[in-house]
Amino acid sequence: MTIEATQSEIGTSTDRPGVANSRGGTIHPAWVRLTHWVNALAMLMMIGSGWQIYDASPLFPFDFPSGITLGGWLAGALLWHFAAMWLLVVNGLLYVGLGLWTGRFRRKLFPIRPGQVVADARAALSGRLSHEDLSVYNAVQKLLYLGVILCAVVIVLSGISIWKPVQLRELTALFGGYDAARYVHFFAMAAIVGFILVHVVMAFLVPKSLRAMVIGR
Amino acid sequence: MSGTRKLRKPIPGVDAQLLIRDAAKHLPDPTRRFFLRGGASLGALAFLTGCDIVDGPTAESVLQKISYFNDRVQGWLFNPNRLAPTYPDSMVTRPFPFNAYYPEEDAPEVDKDDYALEVGGLVEEKKTWTLDELYALPQETQITRHICVEGWSAIGKWTGTPLREFLRRIGADTRAKYIWFRCAEGYSTSIDMATALHPQTQMTFSFDGEILPRKYGFPMKVRIPTKLGFKNPKHVMEMAITDKYLGGYWEDQGYNWFSGS
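(A) A look at the overall build of chain A. The helix and strand tally for chain A stands at ten helices and zero strands. From first element to last, N terminus to C terminus, chain A shows the α and β order α-α-α-α-α-α-α-α-α-α. Restricting to contacts in chain A with at least 6 residues of sequence separation, those with at least 24 account for 62%.

What follows is the structure in structure tokens.
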């Protein structure tokens, strides 16, 4: 109640598409939907093949069952990984570029107020967080979306430093060297997989959000 | 899978795709290459793309084409003056891991007296080299990181002659595209000329202060700190300077050819 009131204030002050939505306009423009689903496909291929690559020399005392990996064996997985990386990076650059250029990131993801994050997290955990207006992200969503974008930057840069530890030795050194970069790459993957699990569960709990990401409204 | 093309001709009552998949199940992993067995990723991909692109010859040829494209990108990224990081003696991994596609006791035994390195292809001097002749060449030591295609790495200390110095002495045509290496047990690999001329690419005769042990490639390996471990051939018996792409043992099974670090 108080939370919803605060939220709608933030909505009106920071989000212009919210107004459009009340007129039945578009929540997610076509470029967001397109890059979202291309990214979903690219990530599925990167994570599935990445798990198979991990299995060739595990960092921890476990490996990924072959039923959920992509590539069949190490060489196959590497072929998938280094093919899907082009899709991931080109699509990712397009998404981040348009997100910055159109001002969508600034409008949708900022400001993130710590107090609001705590309040929205409490509301979410007690099932009282409203998802009425999909064009406005609550503070927890903002934090998670921004966090996963940062994880994406880290996973790409750490991946490049594992791939080119000589040609890009300064970048590899930034991650603490070749071996450390492998751990960074792994933990960034784990964070992204954690995000995906929550993200998919939420999409099914609020089905109209899934619809909005498919048809835009 | 050379039989694939023949099987794709329709045979009454036989589903070629199923037949291939069934046959593939019984092959050992390296032979099966990157064909996929079922699984969640496969199902999800087929669902998302609406077609079964992740199995069979189509996926294989598309992925291989992208791998060739990645060879060109890596060749372009390769800076001939960029040195691999070097480390102090105290950081050498001891004992250094043994790694091959055969167990350690099966490592080839090359007789030092019979050994004669064959040099062929686009060179002025096609003579063979005895071990004493090779040992007489100027030598350097490097402490660099060996990175395996599997992901692990180890720091080693290798001593030998820069390959570019040897290529100069034999009058190799350095405008040629490739250097191909043949090893005692049948292994082979090939590298690009730019990498062959890199100052740290070395014909190695010693490891960690001792004559190269059998398990690390006696009598000679080629140490390339700008490439993954499998591109560093051991027990090298022959090298050829060539314009012809000859691939290699692992490369022919689907590993990326350039595999540069």
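(B) Up close: helix α6 (residues 114-125) of chain A. Here α6 of chain A contains twelve residues, and its C-alpha end-to-end distance of 17 Å stays within 8% of the 16 Å for a straight helix at 1.5 Å per residue. Once α6 of chain A ends, the next one or two residues include G127 of chain A, with phi positive near 70°.

(C) Looking closely at the packing of α6 of chain A against helix α7 (residues 139-163) of chain A. All names here are of chain A. In contact at an axis separation of 7 Å, α6 and α7 are set at 105° when each is read in the N-to-C sense. By the criterion of interaxial angle, the relationship of α6 to α7 is roughly perpendicular. Facing Q116, V117, D120, A121 and A124 of α6, the residues of α7 in contact are A139, V140 and L143. Within the contact of α6 with α7, the residues separate by chemical class into six nonpolar, one polar and one charged.

(D) Up close: the sheet that holds strand β10 (residues 236-242) of chain B. Residue and element names in this part refer to chain B. Overall, mixed pairing links the five strands, which are arranged β2-β1-β10-β5-β6 in an open sheet. Both edges of this open sheet fall to β2 (129-130) and β6 (188-192), since each of them pairs with a single strand only. In this sheet, β10 lies alongside strand β5 (residues 178-183) in antiparallel orientation, the contact comprising six bridges. By the bridge assignment, I179 is partnered in β10 with I241.

(E) Up close: the nonpolar core. Ranked by size, the top nonpolar core spans 38 residues in total, and within it M46, A77, L78, L79, W80 and A84 of chain A carry the most contacts. For this core, the elements supplying multiple residues, two or more each, are α3 (30-56), α4 (74-101), α7 and α9 (178-205) of chain A together with α5 (56-77) of chain B. Among the elements that line this core, the one with the most residues is α4 of chain A, at eleven residues. Beyond its immediate chain neighbours, meaning those up to four positions away, A77 of chain A contacts S49, Q52, I53, T69, L70 and G71 of chain A.

(F) Up close: the domain arrangement of chain A. Residue and element names in this part refer to chain A. As far as domains go, chain A holds domain 1 (28-58 + 65-102) and domain 2 (105-217). On a C-alpha basis, the centres of domain 1 and domain 2 stand 15 Å from each other. Facing the ten residues of domain 1 at the interface are nine residues of domain 2. Listing elements by their share of the side of domain 1 that touches domain 2, those giving two or more residues are α3 and α4.

(G) Representation of the pairing of strand β4 (residues 153-162) of chain B. All names here are of chain B. Within β4, seven of the ten residues are buried, which leaves it mostly tucked inside the rest of the structure. Across eight bridges, the pairing between strand β3 (residues 140-147) and β4 is antiparallel. Looking at the pairing, I147 lines up with S153 of β4. Between β3 and β4, which follow one another and run antiparallel, lie five residues, and G151 among them has a positive phi close to 120°. Bridging between β4 and strand β7 (residues 202-207) involves five bridges; their strand directions are antiparallel. By the bridge assignment, G160 is partnered in β7 with T204.

(H) Looking closely at the packing of α3 of chain A against α4 of chain A. Residues and elements named next belong to chain A. It is at 8 Å that the axes of α3 and α4 come closest, and there the two elements cross at 150°. Relative to α4, the element α3 is oriented roughly antiparallel. Note that α3 runs across α4; the crossing there is left-handed. Residue composition of the contact of α3 with α4, grouped by class: 19 nonpolar, eight polar and no charged.

Rules used in this analysis
Residues numbered from 1 in each chain as written. Chains lettered and ligands numbered in written order. Predicted model: local features only at pLDDT ≥ 70, side-chain atom pairs only at ≥ 80, totals over all residues. Helix = DSSP H or I, 4+ residues; strand = E, 2+ residues; numbered from the N terminus. Contact = placed C-beta atoms within 7 Å. Expected span 1.5 Å × (residues − 1). Axes fitted to C-alpha atoms, helices over the stretch in contact; angles between N-to-C directions. Parallel < 35°, antiparallel > 145°, perpendicular 65-115°, else oblique. Nonpolar A, V, L, I, M, F, W, Y, C, P; charged D, E, K, R; others polar. Pairing = 2+ DSSP bridges. Core = buried A, V, L, I, M, F, W, Y, C linked by C-beta atoms within 7 Å. Buried ≥ 20, exposed ≤ 12 C-beta atoms within 10 Å, placed from the backbone. Domains from an automatic or database assignment. Left-handed = near helix turned anticlockwise from the far one by under 90°.

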